[in-house]
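# Geometric and topological summary
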Amino acid sequence: MGARREQTSRESRELILAAAAELFAEKGYRQTTFADVAERSQISRGSIPWHFGSKEGLLVAVLEHSVEQLNDQMHEDAAGLDQLLDGAISYLRLPISKLFVTLLVEALEPDSPIHDRYVAIQDTLRERIRVWAERHPLPEGVTASALSVAIMGALIGIHQQWRLSPGKIDLDEAFAALRMLLAGALM
């Protein structure tokens, strides 16, 4: 009986996480309520704080789950630029990646409950790219740290523009241009 209860609890937790991620991406963190999450997930409202403690706890869990998905896509042991960018681009195409665009504005607020977590996520991603860059010959005067900032900035910028104006931004063309620019600079 205990194993079935644990399975049900895990399933409920996953449904809540998925619903919250969708809602945070659609409406933002501050505009999303437990009632919204309960309705979308079809899980009782009282189960949400039981699983996550608070709305902030739910948000942190959603962000951590999203980062796990991103980490699955971006392999720091990628042999070359193509593998690194392919992983990042695959993630940015997922609907959940919209969450990072939606929450960026909220994370910029000094009193935001996600500010520090969002900073940590970006630090982690930059570090993954920096570690990758250190294994490759870089142009004179370019450090792996600076290159990681530039690559992250380009990926985030392209992603945000595409999410804002999907009909005006050709994602494949923009990523191809980034790939060519980086490949030319890293040869």
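All values derive from a computational prediction rather than experimental measurement.

### Considering the environment of L84
Note that L84 resides in helix 5 (residues 81-93). Note: C-alpha distance between L84 and I129 (45 residues apart in sequence) is 8.0 Å.

### Some remarks on the nonpolar core
Ranked by internal contacts, the top residues of the largest apolar core, which has 53 residues, are F24, L58 and L103. Considering every element that reaches this core, the biggest residue donor is helix 1 (residues 2-27), with 8 residues. In contact with L58, not counting residues within four places along its chain, are I16, L17, A20, F24, F34, V37, I48 and F52.

### Description of the confidence of the model for the protein chain
For the protein chain, mean pLDDT is 86; residues scoring 70 or higher make up 95% of the total. Mean pLDDT values for the elements of the protein chain range from 81 in helix 4 (residues 55-73) up to 95 in helix 2 (residues 34-41).

### Thoughts on unusual backbone geometry
The phi dihedral of Q42 is positive, around 65°, even though this residue is not glycine. Relative to the elements of secondary structure, Q42 occurs in the loop between helix 2 and helix 3 (47-52).

### Considering the environment of E109
Looking at the secondary structure, you find E109 in the loop between helix 6 (98-108) and helix 7 (115-134). In this structure the C-alpha to C-alpha distance between E109 and E173, which are 64 residues apart in sequence, comes to 33 Å. Contact partners of E109, with chain neighbours within four places excluded, come to R30 and H115.

Procedures and definitions
- Residues numbered from 1 in each chain as written.
- Predicted model: local features only at pLDDT ≥ 70, side-chain atom pairs only at ≥ 80, totals over all residues.
- Heavy atoms only, no water.
- Helix = DSSP H or I, 4+ residues; strand = E, 2+ residues; numbered from the N terminus.
- Core = buried A, V, L, I, M, F, W, Y, C linked by side-chain atoms within 4.5 Å.
- Buried < 20%, exposed > 50% of the residue type's maximum accessible area, 1.4 Å probe, protein only.
- Contact = heavy atoms within 4.5 Å.
- pLDDT = per-residue confidence, 0-100.

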